[in-house]
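# Notes for the structure review
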Amino acid sequence: MNKMLKVFTAAAFIFSTGTLAESKEVTLTTTLQDYGGEAAYFAIYLTDSQGVYQRTFWIGGKKAKYYQGLLDWAYGSRKRRAEYDGKTGASLKSGDTFTTRVSIDEAWIDAGYQIRIDTAVERKRRVAADIV
């Protein structure tokens with residue numbers, strides 16, 4: 001990985017049986033590399049086969065005013081509060097691990113949809129689509 005921040009070292013997608021016939025529960029695990037510096041902000045979101053934003057799965061970071069640094073997510077979601085209400089948590093620090101479970105519609109699997117993670121560290125560079 002030659003991304004400037006090298007923030008996320010792992011994105012594990014573990015499929016398990018979903019409760020609904022149309023969706024699967026997916027566990028997303030990300031681990032920040034040791035990067036030094038302030039807390040990291042991140043957005044985990046879905047794009048369609050054309051790369052167009054579809055939905056937010058999770059936003060990490062306490063202060064919404066810094067979400068603009070999550071470049072592609074901010075552009076696609078237009079930072080509308082309805083896109084991330086109830087889907088936020090604390091920012092992470094160097095070496096932290098974050099795990100969340102999301103429902104993935106079976107129609108998205110093998111249809112070109114992508115789960116993307118944008119990252120930003122206060123007073124450092126921002127990386128759109130740090131992990132795809």
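What this report covers is the structure whose coordinates are included nearby.

With that settled, consider unusual backbone geometry. Outside of glycine, negative phi angles account for most residues, and trans bonds account for most peptide bonds. Residue Lys79 is not a glycine yet carries a positive backbone phi of 55°. You can see Lys79 is positioned in the loop between helix H1 (71-77) and helix H2 (81-84). Here Lys79 falls in the partly exposed class, since its relative accessible area comes to 39%. Even without glycine at this site, Asp110 takes up a positive phi of about 60°. Residue position: Asp110 is located in the loop between strand E6 (97-105) and strand E7 (114-121).

Here we come to the sheet that holds strand E8 (residues 126-131). With mixed pairing, the five strands of this open sheet are ordered in space as E5-E4-E3-E7-E8. The two strands at the open ends of the sheet, each matched to only one other strand, are strand E5 (88-89) and E8. Summarising the sheet, E7 and E8 pair through three bridges and their orientation is antiparallel. For Ile117, the partnering residue across the bridge sits in E8 and is Ile131.

When you line up the elements, Ile59 lands in strand E4 (residues 53-60). Looking at Ile59, the relative accessible area reads 0%, which means it is buried. In this structure the C-alpha to C-alpha distance between Ile59 and Ile44, which are 15 residues apart in sequence, comes to 6.4 Å. Sequence-distant contacts of Ile59, defined by excluding residues within four places in its chain, comprise Phe42, Ala43, Tyr67, Leu70, Trp73, Tyr84, Lys87, Thr88 and Gly89.

What follows covers the nonpolar core. By size, the foremost hydrophobic cluster in this structure holds 19 residues, and its most contacted members are Phe42, Ile44, Phe57, Ile104 and Ile115. When contributions to this core are tallied by element, the ones reaching two or more residues are strand E2 (23-32), strand E3 (40-47), E4, E6 and E7. For this core, the element with the highest residue contribution is E3, accounting for four residues. The next biggest cluster of nonpolar side chains, apart from the first, holds 11 residues, and it includes Tyr41, Tyr45, Tyr53 and Tyr84.

Further remarks concern the side chain of Thr27. With respect to the helices and strands, the residue Thr27 is situated in strand E2. Judged by its relative accessible area of 13%, Thr27 falls in the buried class. For Thr27, the side chain forms a polar contact with the side chain of Arg101, separated by 2.7 Å.

Quick notes on the rules
What you see as residue numbers is a count from 1 along each chain, following the sequence as written. It should be noted that, the model being predicted, local features are given only for residues of pLDDT at least 70 and side-chain atom pairs only at 80 or more, the latter also being counted only at that level, while totals for whole chains, interfaces and linings use all residues. Only heavy atoms go into the side-chain values, all of them from the structure, while hydrogens and water stay out. Strands here mean DSSP runs of E at least two residues long; helices mean DSSP runs of H or I at least four residues long; both are numbered from the N terminus. Burial classification: accessible surface area is computed with a 1.4 Å probe over protein chains only, and a residue below 20% of its type maximum counts as buried, one above 50% as exposed, and the rest as partly exposed. Here, a strand pair is defined by DSSP locating no fewer than two bridges between the strands. Throughout, a residue-residue contact means that at least one pair of heavy atoms, one from each residue, lies within 4.5 Å. We call a set of buried Ala, Val, Leu, Ile, Met, Phe, Trp, Tyr and Cys residues a nonpolar core when their side-chain atoms join them within 4.5 Å. Contacts described as polar in this section are N or O atom pairs within 3.5 Å, which, within protein, must combine one atom able to donate a hydrogen with one able to accept it, while residues neighboring in sequence count only if both atoms come from side chains.

Function-wise, these values are silent; they only describe arrangement.
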